[in-house]
Amino acid sequence: MKNLFLIGAAVFAAVFLCSCGHNVIQYGDGVGFDASLNPENYTVGFNLRYGKILSAVTRDNVEIELTGKANADGSTGTEKSGSTTVATDGNLKVKIGRQINGAAVDLVEAGADPGKVIEALTKDDVKTGQTETK
């Protein structure tokens with residue numbers, strides 16, 4: 001049982017610690033609950049929300065556009081029909097351009113021609129079948 005627990009903890013740590021952390025975009029619509037901890041003063045925060053929420057942690061050369069609208073018809077009169085209508089609509093556009101990694105920055109700092117570094121990175125994208133977004 002102890003070995004099973006250790007294996008589970010190791011798998012959890014490997015997944016949690018070895019993940020890629022750039023260009024993380026989370027979009028939610030509806031009811032949500034968030035809990036947080038502020039490491040500066042160790043305060044706990046709780047947030048209950050209803051609606052649209054967008055959280056984005058991105059690197060350079062990223063454009064994010066979120067548009068939305070909400071319509072509510074709560075017409076009142078002498079009769080209570082219970083037919084209140086609420087409608088939400090939205091659109092999320094994410095455009096990720098060329099992003100430079102640390103190896104390319106190191107090459108330029110070491111004296112390489114920036115144009116040739118970008119050209120070499122673009123050739124790699126063509127070989128792997130990925131297309132460049134501008």
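Quick note: structure is the one above.
Digging into unusual backbone geometry
- You will see that Tyr42, though not glycine, has its phi angle at about 55°, which is positive.
- Within the element layout of this structure, Tyr42 appears in the loop between strand E1 (24–38) and strand E2 (43–57).
- Exposure remark for Tyr42: the relative accessible area of 64% places this residue in the exposed category.

Regarding helix H1 (residues 2–17)
- With 16 residues, H1 should cover 22 Å at 1.5 Å per step; its first-to-last C-alpha distance of 22 Å lies within 8% of that length.
- In terms of residue burial, H1 counts as a barely covered element, since only zero of its 16 residues are buried.

Details of a nonpolar patch on the surface
- Among the surface-exposed residues, Val31, Phe33, Leu37, Tyr42, Val44, Phe46, Leu48 and Tyr50 lie close enough to one another that they form a single nonpolar patch of about 1,100 Å² accessible area.
- Contributions of two or more residues to the nonpolar patch are made by E1 and E2.
- With four residues, the single largest contributor to the nonpolar patch is E2.
- Relative to the elements of secondary structure, Phe46 occurs in strand E2.

Some thoughts on the environment of Tyr27
- Summarising the element assignment, Tyr27 is placed in strand E1.
- Overall, Tyr27 belongs to the partly exposed group, its relative accessible area being 36%.
- Residues Tyr27 and Leu66 lie 39 residues apart in sequence; the distance between their C-alpha atoms is 9.9 Å.
- Apart from the residues lying within four places of it in its own chain, the contact partners of Tyr27 are Lys52, Ile53, Leu54, Leu66 and Leu92.

Section: the packing of aromatic side chains
- Under the definition given, this model contains one aromatic pair.
- Seen in terms of ring centroids, Phe33 and Phe46 are 6.0 Å apart; in terms of plane orientation they differ by 15°. Their pairing is stacked. Taken together, the residues Phe33 in strand E1 and Phe46 in strand E2 connect sequence positions 13 residues apart.
- Here Phe33 falls in the exposed class, since its relative accessible area comes to 55%.
- Note on Phe46: relative accessible area 60%, which makes it exposed.

Examining the pairing of E1
- When E1 meets E2, the two strands line up antiparallel, connected through 15 bridges. Note on E2: the bridge partner recorded for Ala35 is Phe46.
- Linking E1 to E2, which pair antiparallel, is a turn of four residues; within it Tyr42 sits at a positive phi near 55°.

Details of the environment of Asp29
- By the secondary structure assignment, Asp29 is in strand E1.
- Residue Asp29 is classed as partly exposed on the basis of its relative accessible area of 47%.
- Taking the C-alpha atoms as reference points, Asp29 and Arg49, separated by 20 residues in sequence, lie 9.5 Å from one another.

As for the side chain of Arg49
- Examined against the element boundaries, Arg49 turns out to sit in strand E2.
- Notably, Arg49 is buried but unbridged: the nearest opposite-charge side chain belongs to Asp34, and the N-O separation is 4.2 Å.
- Ignoring any residue separated from it by four or fewer positions in sequence, one finds Arg49 in contact with Gly28, Gly30, Val31, Gly32 and Asp34.

About the criteria used
- Residues numbered from 1 in each chain as written.
- Predicted model: local features only at pLDDT ≥ 70, side-chain atom pairs only at ≥ 80, totals over all residues.
- Heavy atoms only, no water.
- Helix = DSSP H or I, 4+ residues; strand = E, 2+ residues; numbered from the N terminus.
- Buried < 20%, exposed > 50% of the residue type's maximum accessible area, 1.4 Å probe, protein only.
- Expected span 1.5 Å × (residues − 1).
- Patch = residues over 30% accessible without salt bridge, like charges linked within 9 Å, V, L, I, M, F, W, Y side chains within 5 Å.
- Areas by Shrake-Rupley, 256 points an atom, 1.4 Å probe, with all protein chains shown as cover.
- Salt bridge = Lys/Arg side-chain N within 4 Å of Asp/Glu carboxyl O.
- Contact = heavy atoms within 4.5 Å.
- Phe/Tyr/Trp six-rings, centres within 6.5 Å; stacked < 30°, edge-to-face > 60°.
- Pairing = 2+ DSSP bridges.
- Lys, Arg positive; Asp, Glu negative; His and termini not counted.

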